[in-house]
Amino acid sequence: MSGAVEARLAELGLTLPEVVPPLAAYQPAARSGAYVYTAGQLPMVDGKLPATGKVGAEVTAEQARELAATCALNALAAVKTVTGDLDRIARVVKVVGFVASAPDFTGQPGVVNGASELLGDVLGEKGVHARSAVGVAVLPLDAPVEVEIQIELTED
């Protein structure tokens, strides 16, 4: 099923990827009432991380920003697994971004902007959200960034 949101992805030259299989005992997304919560999404592309390491050391802030956008795209794919249709998104409520950071790196908000801007580009006003951008020592598989989103759905 494809609608306005997926048409907008196509206009942006983006394709909704296959959902990244869980790395442990969890679901990629879970629905509770009118809300969908995604698990943390890594920037997997075709089952692989395009880069690994710490932002501000092995990975530049700009590379990490692009990876954060990939995380957001993967999160939208996870949302679709429980909604069946991305046009059911009423709004993005919250984005949480984790940035594996070199000890002196303080640009986490700029990195997570990659995810926020992708959601805004795809969803317009529905993509405006509250957000946290958190620096961490390490992420699964040595990923530079991980993003989770919380979505409110339209009425059934």
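Quick look at the pairing of strand E1 (residues 29-32) now. Of the strand pairs in this sheet, E1 and strand E2 (residues 35-38) are connected by four bridges, and their pairing is antiparallel. Bridge pairing links Ala 29 to Thr 38 in E2. The turn linking E1 back onto E2 is made up of two residues, and Gly 33 within it adopts a positive phi angle of 60°.

Attention shifts here to the packing of helix H1 (residues 4-11) against helix H3 (residues 108-123). Put simply, H1 and H3 touch, their axes get as near as 8 Å, and they point 115° apart. Of H3, the residues touching H1 (which contributes Val 5, Arg 8 and Leu 9) are Asp 121, Val 122 and Leu 123. Residues belonging to the contact of H1 with H3 are distributed by class as follows: four nonpolar, no polar and two charged.

Note on placement: Val 99 falls in strand E3 (residues 89-100). Val 99 sits in the buried class, given a relative accessible area of 0%. Sequence spacing of Val 99 and Ala 143 is 44 residues, and the spatial spacing of their C-alpha atoms is 8.6 Å.

Moving on: the packing of helix H2 (residues 61-83) against H3. Running from N to C, H2 and H3 point in directions that differ by 45°, and their axes come no closer than 7 Å. Here H2 lies oblique to H3, going by the angle between them. In this structure, H2 crosses over H3, and the sense of that crossing is right-handed. Each of Ala 61, Ala 64, Arg 65, Ala 68, Ala 69, Ala 72, Leu 73 and Leu 76 in H2 lies in contact with H3, whose residues at this interface are Gly 110, Val 111, Val 112, Asn 113, Gly 114, Ala 115, Glu 117, Leu 118, Leu 119, Val 122 and Leu 123. For the contact of H2 with H3, the per-class residue count stands at 14 nonpolar, three polar and two charged.

What counts as what
- Residues numbered from 1 in each chain as written.
- Predicted model: local features only at pLDDT ≥ 70, side-chain atom pairs only at ≥ 80, totals over all residues.
- Heavy atoms only, no water.
- Pairing = 2+ DSSP bridges.
- Helix = DSSP H or I, 4+ residues; strand = E, 2+ residues; numbered from the N terminus.
- Axes fitted to C-alpha atoms, helices over the stretch in contact; angles between N-to-C directions.
- Contact = heavy atoms within 4.5 Å.
- Nonpolar A, V, L, I, M, F, W, Y, C, P; charged D, E, K, R; others polar.
- Buried < 20%, exposed > 50% of the residue type's maximum accessible area, 1.4 Å probe, protein only.
- Parallel < 35°, antiparallel > 145°, perpendicular 65-115°, else oblique.
- Left-handed = near helix turned anticlockwise from the far one by under 90°.

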